[in-house]
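Close look at the chain arrangement
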Amino acid sequence: MTSSTGPVRIGRSAALHAEPTLLATPARLVAVKAAMAADPAVMKLYTKMIGKANDLLQQPPLDPEWIDVDNGATEPILLYTAREAERRTTILGLSWLLSEDERYAERLVDELDSLVSFHDWEHPSAPPEVFLSVAQMGAAVALGTDWAAGYINPIERKRMEAGLHRLILKPGLDRLRVGNFTHSGWPYWPNNWNIVCNGGITLAALVAREHDPEAAEALALALDSVKLGFAFYAPEGAWNEGPSYWALATRYAAMMISALEDTATPDGGLSAYAGFATTGDFVLHTAGPSGVPFNFSDCDDSIALVPLGWTGTRFNRPQDTWLGWYTLTSTGFSSPSSKRLAFSLLWQSGPGQSPAALGLSNWDYFPSVEMVAWRSRWDDSDAGKAVPFFAFKAGTIPGHHTHFDLGTFVYEALGERWAIDLGNDNYGLPGYFEDLLRGRYYRLSTAGHNTLVIGGVNQLDTASTPLDASGMDDPQPHAIADLSAAYSAPAGSVRRGLRVLADAALMVRDEIAPWVSADIGWGLHTRATVTIAADGRSALMEQNGKKLVAKLLLPASATFTVASAWQPPPQDANTGVSKLAIALPECVGHPRQRVIEVLLLPEGTVAGPDDKPLAHWPVERPVTFSVTSPTIAS
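In this report, we go over the structure that sits alongside the text. (Residues numbered from 1 in each chain as written. Predicted model: local features only at pLDDT ≥ 70, side-chain atom pairs only at ≥ 80, totals over all residues. Heavy atoms only, no water.)

Once that is clear, we can look at the packing of helix α8 (residues 215-230) against helix α9 (residues 243-262). Across the interface, α8 lies against α9 with an axial gap of 13 Å and an inter-helix angle of 140°. As judged from the angle between their axes, α8 and α9 are oblique. Viewed along their axes, α8 and α9 form a crossing whose handedness is left-handed. Only A253, M256, I257 and L260 of α9 make contact with α8, whose side of the interface consists of L219, A222, L223, V226 and F230. Of the residues in the contact of α8 with α9, the class split is nine nonpolar, no polar and no charged. (Axes fitted to C-alpha atoms, helices over the stretch in contact; angles between N-to-C directions. Helix = DSSP H or I, 4+ residues; strand = E, 2+ residues; numbered from the N terminus. Parallel < 35°, antiparallel > 145°, perpendicular 65-115°, else oblique. Left-handed = near helix turned anticlockwise from the far one by under 90°. Contact = heavy atoms within 4.5 Å. Nonpolar A, V, L, I, M, F, W, Y, C, P; charged D, E, K, R; others polar.)

Shown next as structure tokens:
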């Protein structure tokens, strides 16, 4: 096969016949082939990848005018093109290496030829994520070039290396040099951008360094800059931008360290950074029994946990391997995205060991994001989906991808998620990443989360709030957040506690000092059907044949209401989402402390109310409540 649009090719007899050096090393390919032969689940992944590669044989290579219609784009956006380029080059490259079918190698070379012919890898882009497209395109071409090493000839290799120099190494060096001078931009941002951008530069430099005199400097500066990104894992491995961006950053961190180790290049101690070796705990605990993560910040409700296969092997963590394997093979989690199939195959390493078998704690606290996650137990079976679970956060509002969400939580019981987080909205919305504008969008606002709205406005955009999880080992596990700094200056006292009663029921108690605004709203977002009782003091929630009752215990004068969470375009419509809400009546005379207490009681659960102050938690209480369907107003 010869490209009808690409450069004229020299015969394959002149091919380099070299072996890949990055990630898909000969030893790793042998291990993957052995796993394919021994395990039907691995063979299923391979078959799926070959199917995607066959689809690509029928499609033209990417060009600058390509539009990602599958993700709703109506015009070319290079960041989307870069993501597709990474998918294509890794699928075609690994399909070629495992099958030795030259159709995939030839199609890969066509793709690489087209990508390095672009004018640049930045425009048109979706601001402000301009260099992200460069980095991901660079990673795609670097891996594709390396994985095609046994097929391409010296002229083609030189063309790919020249493209890497012009399109990523030169602009990357410019950014890194300016960043060193000004201490600004992504080289000095401790977030996912830093790791992704430096990861792309690192891969490109390793591929081109034999013939590119500037590759060594680019590699050295990238390894120095990325230390700021790796410091974001400290101290315990959590990620402030949410699980989705944890997955992106950690995948590039794994690619970067793997490539450095494969080429015997010192990584400057990156793999030893505080929190990095244990970062798998973050997604292990924040993934609910249903498989849906606590999708705070700009996070999707489905994430690819592909890096766990790598961390499980690299740091000898069988629980990481277990969760990574479970997400690949269980129907309880979404099937692996075709964008990650090559990494899924390369990094998978068997079933590992479950948290139950390892005797791991059923809860964890992550101080860097002030978040706690709890479940009643670990369970390997499908019945484990019925395990009750909550995750609760305080933390900080300043930061990239963060929301006005301090005090929010998610809750699962009976195999259903009753309290949900809406996640991110469209990044193309005007002002989405501007501090003064982003709060006007519902999904980012305080009103769009399961927390308190005071005075009808968002939480303060400078707020940082602590969470006390010292009660999580008690018979009635509980955590308390001091949200005072999120609402007033000087701060009044606003405290929220979540407490587990009778293994499954969840108590939510809020205490608001009298000098805080009387305009106080309480909300919980859900996909369940919600019916308010005649007296307004309870609400029946029904979802997939399961039932849960929300009981409003305090204040005695308040009632539940329910409304749609629908929003007008261009925002996400939030179709099918309701908001269970409480509006507190105005205080009359000298106001006292305001207290809101709500009990979420799954069907079949018996639990008792508790009107004790948060300062006195936990207090053993007699069991007095059980779930019955409330009397419904006609």
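Having seen the model, we can carry on.
Across the sheet, which stays open at both edges, the five strands sit in the order β1-β2-β3-β5-β6 with antiparallel pairing between neighbours. The open sheet has two edge strands with one neighbour each: β1 (363-366) and β6 (416-419). Neighbour-to-neighbour, the strand axes of the sheet open up by a mean angle of 15°, direction not taken into account. In this structure, strand β3 (residues 389-393) lies alongside strand β5 (residues 409-413), joined through four bridges in antiparallel fashion. Paired with F392 across the two strands is F409, which belongs to β5. (Pairing = 2+ DSSP bridges.)

Two packed helices can be described by the angle between their axes and the distance between those axes. Here helix α3 (residues 78-99) crosses helix α5 (residues 130-147) at 15°, and the two axes come no closer than 8 Å. With respect to each other, α3 and α5 are oriented roughly parallel. Relative to α5, α3 is oriented so that their crossing is left-handed. Residues of the contact of α3 with α5, tallied by class, amount to twelve nonpolar, seven polar and two charged.

Following L554, the chain continues to P555 via a peptide bond in cis, the omega torsion being -5°. With respect to the helices, strands and loops of the structure, P555 is situated in the loop between β16 (546-554) and β17 (560-564). Each neighbour pair has its own omega, and for P569 with P570 the value is 10°, a cis peptide bond. Note that P570 resides in the loop between β17 and β18 (578-583). A positive phi angle, close to 70°, is found at L23, a residue other than glycine. The buried category is assigned to L23, whose relative accessible area is 6%. (Buried < 20%, exposed > 50% of the residue type's maximum accessible area, 1.4 Å probe, protein only.)

Glancing now at the nonpolar core. Core analysis: the biggest nonpolar cluster contains 125 residues, and L23 and L94 have the highest contact counts within it. At 13 residues, α9 tops the list of elements feeding residues into this core. With residues near it in sequence (within four places) discarded, L94 still touches A24, L29, M49, W147, A342, L345 and L346. Counting residues in each nonpolar core, the second largest holds 52 residues, with L406, M541, L580 and V598 among its members. (Core = buried A, V, L, I, M, F, W, Y, C linked by side-chain atoms within 4.5 Å.)

Counting through the fold element by element, T263 comes out in the loop between α9 and α10 (280-286). Here the side chain of T263 touches L260 through a polar contact of 3.2 Å, landing on its backbone oxygen. For T263, the side chain forms a polar contact with the side chain of T265, separated by 2.9 Å. Residues in contact with T263, not counting those within four places in the same chain, are T21, L22, L206 and R209. (Polar contact = N/O pair within 3.5 Å; in protein donor to acceptor, adjacent residues only side chain to side chain.)

When you line up the elements, A373 lands in strand β2 (residues 371-375). Between the C-alpha atoms of A373 and F294, which are 79 residues apart in sequence, the distance is 8.8 Å. Look past the residues within four positions of A373 in its chain and what remains in contact with it is H285, N362, W363, D364, F389, F390 and A391.

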